[in-house]
Amino acid sequence: MAAQDKRHCERIPVLFAMKCRDKDSAFVPFQQAEILDIHHHGCHIIGRTHFKVGEKIFMSMDIPSEGCLDLVGKVTWARAACQDTCFEAGVRFVKDDPSSTETYSKLLRFCRFNIPDYKENP
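None of these values were measured; they are calculated from a predicted model. (Residues numbered from 1 in each chain as written. Predicted model: local features only at pLDDT ≥ 70, side-chain atom pairs only at ≥ 80, totals over all residues. Heavy atoms only, no water.)

## Quick word on the sheet that holds strand E2 (residues 31-38)
Note on sheets: strands pair through backbone hydrogen bonds, and any given pair is parallel or antiparallel. In space, the 6 strands of this closed barrel follow the order E1-E2-E3-E6-E5-E4, with antiparallel pairing throughout. Strand after strand, the sheet turns through a mean of 45 degrees between neighbouring axes, direction not considered. Looking at chain direction, strand E1 (residues 12-22) and E2 are connected through 7 bridges and run antiparallel. Residue pairing for E2: Lys-19 is matched across the bridge by Gln-32. Running over the sheet, helix H1 (residues 98-114) touches E1, E2, strand E4 (56-63), strand E5 (67-81) and strand E6 (86-93) and is turned about 80 degrees from E5. (Pairing = 2+ DSSP bridges. Helix = DSSP H or I, 4+ residues; strand = E, 2+ residues; numbered from the N terminus. Axes fitted to C-alpha atoms, helices over the stretch in contact; angles between N-to-C directions. Contact = heavy atoms within 4.5 Å.)

## Description of the nonpolar core
The biggest cluster of nonpolar side chains holds 26 residues, and the ones touching the most others in it are Ile-38, Met-59, Met-61 and Leu-107. Secondary-structure elements contributing two or more residues to this core are E1, E2, strand E3 (42-47), E4, E5, E6 and H1. Those residues in contact with Leu-107 that sit more than four places away from it in its chain are Phe-16, Ile-38, Met-61, Ile-63, Leu-69, Leu-71 and Phe-93. (Core = buried A, V, L, I, M, F, W, Y, C linked by side-chain atoms within 4.5 Å. Buried < 20%, exposed > 50% of the residue type's maximum accessible area, 1.4 Å probe, protein only.)

## Overview of the side chain of Arg-21
Looking at the element boundaries, Arg-21 is found in strand E1. One buried charge, Arg-21, has no salt-bridge partner; the nearest side chain with opposite charge is Asp-22, at 7.6 Å. Setting aside residues no more than four positions away along its own chain, Arg-21 makes contact with Ala-26, Val-28, Pro-29, Phe-30, Phe-51, Ile-57 and Phe-58. (Lys, Arg positive; Asp, Glu negative; His and termini not counted. Salt bridge = Lys/Arg side-chain N within 4 Å of Asp/Glu carboxyl O.)

## As for the packing of aromatic side chains
Summed over the entire model, instances satisfying the criterion amount to 3 aromatic pairs. A centroid spacing of 6.4 Å and a plane angle of 90 degrees characterise the contact between Phe-16 and Phe-110, whose relative ring orientation is edge-to-face. A residue pair is termed long-range when its members are at least 10 positions apart, and Phe-16 in strand E1 and Phe-110 in helix H1 qualify at 94 residues. Measuring from ring centre to ring centre gives 5.8 Å for Phe-30 and Phe-58, while their planes differ by 45 degrees; the resulting arrangement is tilted. With Phe-30 in the loop between E1 and E2 and Phe-58 in strand E4, this residue pair connects regions lying 28 residues apart in the sequence. Judged by relative accessible area, Phe-30 falls into the partly exposed class, the value being 27%. Judged by relative accessible area, which is 22%, Phe-58 ranks as partly exposed. The residue whose ring lies beneath Arg-21 is Phe-30, and the NZ or CZ to ring-centre distance is 4.2 Å. Residue placement shows Lys-95 over the ring face of Tyr-104; its charged tip is 4.0 Å from the ring centre. (Phe/Tyr/Trp six-rings, centres within 6.5 Å; stacked < 30°, edge-to-face > 60°. Lys NZ or Arg CZ within 6 Å of the ring centre and 35° of its normal.)

Read these as layout, nothing more, since geometry by itself doesn't imply function.
Structural data, given as structure tokens:
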């Protein structure tokens, strides 16, 4: 029996670069990654860093219309990809204050209006 899709929000397919690291590792360099899709609560990322489920990560991305956006997320799932040379993860945005909610909203708005061929379902 196929696994039931637990998604409650529509995904916006994107592909843009970001940097990420464990939130508590301030002295560890950022690792390159890419966001594959985004939705109202989080995103799907891929990169060479293997994060653990439950771990909080710090994400930074340069958005042309907004500049550098920094977000914190919590890894909800993770798995090996690309023959174990890179890893995928589902990340739920941590929106614990008005500034993080505003930052997340800027990112989502950018994706909605600047991704070619994206059309929101009516």
